[in-house]
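The residues making up each chain are set out below.
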Amino acid sequence: MAEIKFEITKHIGVLSEGAKGWKKELNLVSWNEREPKYDIREWSPEHERMGKGVTLSAEEVDALKRLLAEIIL
């Protein structure tokens with residue numbers, strides 16, 4: 001399996017933290033030296049390991065923002 005290269009170019013914020021110290025975060029991440037995209041996933045405390053997540057373009061984040069604004073909490 002090929003190694004996946006990543007660089008967190010901007011830490012935006014933490015959404016939650018688990019009992020073992022893993023944090024679900026929103027970051028801008030460059031995958032395999034490509035243009036950074038918005039990324040939501042769990043990270044180990046030192047950002048050495050990661051869980052499954054979702055990567056979004058700026059347009060997709062804008063659409064998500066509009067959808068979330070419609071939700072009545």
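Residues numbered from 1 in each chain as written. Predicted model: local features only at pLDDT ≥ 70, side-chain atom pairs only at ≥ 80, totals over all residues. Heavy atoms only, no water.

Asks: Mind showing me how you'd approach the pattern of salt bridges here?
Replies: Oppositely charged side chains can pair when the atoms bearing their charge come close. Scanning the entire structure with this criterion turns up three salt bridges. The salt bridge partner of E33 is K5, with a shortest N-O separation of 3.7 Å. One end of the pair, E33, is in the loop between strand 2 (23-31) and strand 3 (37-43); the other, K5, is in the segment before strand 1 (6-17), with 28 residues separating them in the sequence. Residue classification places K5 among the partly exposed positions, given a relative accessible area of 48%. Two residues, R66 and D62, come together in a salt bridge whose shortest N-O distance is 2.6 Å. Of the two residues, R66 and D62 both sit in helix 1 (residues 58-70), four residues apart, roughly one turn of that helix. On the basis of relative accessible area, D62 is assigned to the partly exposed category, the value being 39%. (Salt bridge = Lys/Arg side-chain N within 4 Å of Asp/Glu carboxyl O. Helix = DSSP H or I, 4+ residues; strand = E, 2+ residues; numbered from the N terminus. Buried < 20%, exposed > 50% of the residue type's maximum accessible area, 1.4 Å probe, protein only.)

Asks: When you look at unusual backbone geometry in this model, what are you seeing that I'm missing?
Replies: Keep in mind that most residues, glycine aside, have a negative phi and that most peptide bonds are trans. Of note, N32 is a non-glycine position whose phi angle comes to about 50°, a positive value. You can see N32 is positioned in the loop between strand 2 and strand 3. Here the phi dihedral of H47 falls at roughly 60°; this positive angle occurs in a residue that is not glycine. Topologically, H47 is positioned in the loop between strand 3 and strand 4 (50-56). A residue is classified by how much of its surface remains accessible, and H47, at 28% relative accessible area, is partly exposed.

Asks: Sorry, what's going on with the side chain of D39 here?
Replies: Relative to the elements of secondary structure, D39 occurs in strand 3. What makes D39 buried here is its relative accessible area of 0%. A distance of 2.8 Å separates polar atoms of two side chains, one belonging to D39 and the other to T55. (Polar contact = N/O pair within 3.5 Å; in protein donor to acceptor, adjacent residues only side chain to side chain.)

Asks: Could you clarify how one ought to interpret the packing of aromatic side chains in this entry?
Replies: Geometry of an aromatic ring pair is reported as the spacing of the ring centres plus the angle between the planes. Enumeration over the complete set of coordinates arrives at two aromatic pairs. Considering the side-chain rings of F6 and W31, the 5.9 Å spacing of their centres and the 45° angle between planes classify their relative orientation as tilted. One end of the pair, F6, is in strand 1; the other, W31, is in strand 2, with 25 residues separating them in the sequence. Ring geometry for F6 versus W43: centroids 5.2 Å apart, planes at 50°, classification tilted. Residue F6 is located in strand 1, and its partner W43 is located in strand 3; the two are separated by 37 residues in the primary sequence. Relative accessible area serves as the criterion here: at 29%, F6 is assigned to the partly exposed category. (Phe/Tyr/Trp six-rings, centres within 6.5 Å; stacked < 30°, edge-to-face > 60°.)

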